[in-house]
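Observations on chain architecture
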Amino acid sequence: MSMLARTLAVLCALQVATALAQSSPKEPHIGYVYPAGAQRGAVARILVGGQQLRGADAVYVSGEGVQATVIEHFPPLRNLDADQREALRERLRTLSEARLAELEREPGGLTPAGREFLRNLRNADRSAPRRAKNAAESEAKPVELPKHPLLCDLEEKSLRELQHIRNQFLNLKRGQPNAQIAESVLIEVTLDKDATIGDRELRLRTPRGLTNPMCFQVGLLAETRELEPNDPKPDGVLPPVLPLELPILINGQIGPGDVDRFRFKATRNQRLVIEAHARRLVPYLADAVPGWFQATLALYDADGNELAFTDDYRFDPDPVLLFKIPKTGEYELEIRDSIYRGREDFVYRIAVGQQPFITTVFPLGGRMGVETTATIDGWNLPRKSLVLDTGPEKGDIGQAALQYNRRLSNSVTYAVDTLPECGEVEPNDTSDGAQAIELPTIVNGRIGGSGDVDVFQFHGKAGEMVVAEVLARRLGSPLDSSLRMADAAGNVLEWNDDHEDKTSGLSTHHADSYVSVRLPTDGVYRVHVVDAQQSGGEAFGYRLRVGPPRPDFALRLTPASLNVRPGGAVPLAVYAVRRDGFEGEITLTLKNAPAGFVLDGARVPKGCDRVWMTLTAPLRPLDEPVVLQIEGRATIAGQTLVRSVVPAEDQMQAFFYRHLTPAQSLMVASVGRPGPPVGLLRAGPVRIPAGGSTQARLRSPRRAALQDLRLDLREAPDGLTLSDVTPVRDGVAFTLSAAAETVPVGFADNLIVEAYVERTITSRDNKAPKETQRVPLGVLPAIPFEIVQR
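Now for a description of the structure that goes with this document. (Residues numbered from 1 in each chain as written. Predicted model: local features only at pLDDT ≥ 70, side-chain atom pairs only at ≥ 80, totals over all residues. Heavy atoms only, no water.)

Describing the environment of Ser665
Relative to the helices and strands, Ser665 is located in the loop between strand 46 (657-662) and strand 47 (666-670). For the pair formed by Ser665 and Val646, sequence separation is 19 residues and the distance between their alpha carbons is 7.8 Å. Not counting the four nearest positions on each side in its chain, Ser665 is found in contact with Glu201, Arg203, Ala560, Val627 and Pro647. (Helix = DSSP H or I, 4+ residues; strand = E, 2+ residues; numbered from the N terminus. Contact = heavy atoms within 4.5 Å.)

A closer look at the sheet that holds strand 14 (residues 295-301)
In spatial order, the strands read 12-17-14-15; together these four strands make up an open sheet with antiparallel pairing. Here the strands that pair on one side only, and so sit at the sheet edges, are strand 12 (259-266) and strand 15 (306-310). Strand-to-strand twist in this sheet, taken as the mean axis angle between neighbours without regard to direction, amounts to 20°. Here strand 14 runs beside strand 17 (residues 329-337); their pairing, made up of seven bridges, is antiparallel. (Pairing = 2+ DSSP bridges. Axes fitted to C-alpha atoms, helices over the stretch in contact; angles between N-to-C directions.)

Some remarks on the packing of helix 2 (residues 82-105) against helix 5 (residues 159-171)
One way to put it is that helix 2 packs onto helix 5 with a least axis distance of 9 Å and a crossing angle of 155°. Regarding the angle of helix 2 to helix 5, the classification is roughly antiparallel. You can see that helix 2 and helix 5 cross each other, and the crossing is left-handed. Where helix 2 approaches helix 5, its residues Arg85, Leu88, Arg89, Leu92, Arg93, Leu95, Ser96, Arg99, Leu100 and Leu103 are matched on the opposing element by Leu159, Leu162, Ile165, Arg166, Phe169 and Leu170. (Parallel < 35°, antiparallel > 145°, perpendicular 65-115°, else oblique. Left-handed = near helix turned anticlockwise from the far one by under 90°.)

Observations regarding empty space enclosed by the protein
For the structure on display, the rule yields two cavities of 30 Å³ or more. Space inside the largest cavity adds up to approximately 50 Å³. Lining the largest cavity are Arg473, Arg474, His499, Asp501, Ser507, His509, His510, Ala511 and Asp512. Each residue belonging to the lining of the largest cavity can be placed in one class, and the counts come to one nonpolar, four polar and four charged. (1 Å grid on protein atoms, 1.4 Å probe; cavity = no way out; pocket = protein on both sides within 12 Å on 5 of 7 lines; lining within 4 Å. Points joined across faces, edges and corners; volume = space filled by probe spheres on them. Nonpolar A, V, L, I, M, F, W, Y, C, P; charged D, E, K, R; others polar.)

Let's talk about the side chain of His164
Examined against the element boundaries, His164 turns out to sit in helix 5. For His164, the contacting residues outside a window of four places in its chain are Leu150, Glu228 and Pro229.

Quick word on helix 5
In this model helix 5 runs just 16 Å from its N-terminal to its C-terminal C-alpha over 13 residues, more than 12% under the 18 Å that 1.5 Å per residue would give. Where helix 5 is concerned, the buried positions are Leu159, Arg160, Leu162, Gln163, His164, Ile165, Arg166, Asn167, Phe169 and Leu170. (Expected span 1.5 Å × (residues − 1). Buried < 20%, exposed > 50% of the residue type's maximum accessible area, 1.4 Å probe, protein only.)

Let's talk about the pattern of salt bridges
All told, the structure shown has 38 salt bridges when counted by the stated rule. Residues Asp57 and Arg205 are paired through a salt bridge, measuring 3.0 Å at the closest nitrogen-oxygen approach. Within this pair, whereas Asp57 is found in the loop between strand 3 (43-51) and strand 4 (58-61), its partner Arg205 is found in strand 7 (residues 198-206), the two being separated by 148 residues in sequence. Ionic pairing is found between Asp609 and Arg578, a salt bridge with its closest N-O pair at 3.6 Å. Of the two residues, Asp609 sits in the loop between strand 42 (603-604) and strand 43 (610-616) while Arg578 sits in strand 39 (residues 569-579), which places them 31 residues apart along the sequence. Judged by relative accessible area, which is 45%, Asp609 ranks as partly exposed. For Arg578, a relative accessible area of 16% gives the class buried. Through salt bridges that share partners, Glu469, Arg474, Asp501, Asp512, Arg545, Arg579 and Asp580 make up one connected network. (Salt bridge = Lys/Arg side-chain N within 4 Å of Asp/Glu carboxyl O.)

In structure tokens:
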């Protein structure tokens, strides 16, 4: 049977009676996880916020050693009515009075403000019998409080927790609710004591399928959670929170206008590393500027004097404070948003302690298979070297960290390549003192200070293509490179400051440089590397590749979670990042996939950067979600290159910008019931004449149900249309047309065809005009096509 004639289901597309009663389901989505991690060996209750989470029944965490279960779902919170506000006020008053009475009996007693607060509560208590009598007379039913995580187990809350609830629900104005994070699911996570440290991915399963993945960190340090209220100006009623013992990892959330403070003890000459993770946990916010939670850190002494402040670490928005303690005593750490925004997805994790932290690494990589040891510097390091694994299984980008005595440093990123390598040799600041290199090569260099220029020269021949590329910012270097290639006379042939690399989805400033030049004559040529900001230092390392082009490609796929009916098809987008002039076709295949999965339209046509494909699922429902792997192949210079397809999420930043943020795995889940078989009758790509049309047929055993079926193109190229959907004897026929003026001969891509039906909606009183509503039913398998001469 041909590829396009394979049996598939179109989400019960032909069961019109059922479909007419349903609307298109929105897929579940996670907006935050709090806390966004836990210490290995611990059991933690975690709140997952998002939308369309009702009915969540399973949790999936990537990697080994972490298990999780669903405890409870909380629907979106609506405003409290007057009865609920009064009932909550009364319960909080009663419980707060009990907690204060307990404190009054303890050594040290209450603060003056605490005694005044207790007197006010007791005075209010004298009017309680009258209110109870009134309530009894009216025989009012007990007021039920809304279902919300903060309102669970009120009797077990501390005085501080009760005050936070009072602030959230009674005293303070609540922020504008955000539907994308209005629901929440409470889960319990169990971490093995030997679980691998690092970032994981967490997903929920709901009746509507899998959510998107969110970051969940497995850590080494003991952890704590903030106890609100913990702002800089306590009211004096609450007893002070005991200082934290270091090292510690603090979990918290920033609300609107919120400022969180934490006290801790430190000793003289301690070299503290205070590292915040915020943007790392939630990379992009679609509806906030600059597009993420921009955390700031400040450190204060016991007298309230600010000792240090930071709002980033070099180019990374997540701040890091490196501070040597001047004297033994208590200190306060403050975290807030830079412009005092906040809501539930402003989640943070702060590691505080005398932890190892690498600030400098050189070189930033090594040759594949060659033993490479980098020199490192930083804070609290037991040694000044770090072995970089350059084995072929590591790929072209690796991660390394320093671990000793149950302490783990930050990770550093490095590159692995097959080209010969050499080191930069100073002085090489001028054309006359340029360092000679043989092509192809990778130079491991460093911009050592402000105004430093590194110049390299090579001999080239007329007509040769030469590429020069800097790899620095993508490896964690603060270098903002500027690159130019010039001839022997100093004439600049090409220069570049920033070159976008779409595989770096977490970068918003693509600071690495790239030039490609066809040499005009035989002779000497020079490559100049500088920092565009006139900065420099030991940390400003780079890797400079100079040589002939190496055509290559990388692939990204969105979304990273796919939900599909058994036997049905689901669309996915594949992005090709082409390198060094490669423009050829790329074919994709499933790698070791379970039987029944089919990838339709599985090729990226020549010169194309993005294409829609479909994944068809087996007819038998999946018992559990499965992880799929996809590979891309292309023939370049007679050799077949194979590259793994990296799953990603297509995320919006600040209402406008879009980024492909990488994910660890592609997960597929079954949703709904299997549908009846449907097939397309055509072998190979559909050939559409430029300025003309062609007919395609959809085969189905249920011709009667096709009377109401409608088809439409999804995100079709300009000039391509679908029309004349007509039931025929063996199914349905439709026409594909191409406008000659907008779709050139030779253009190739895939078409995604959506199936739907229309239903008429009338008002209950039949007075309002009738409205027609489209009910989506699913998609057909991707249809490869090419435009041919008419």
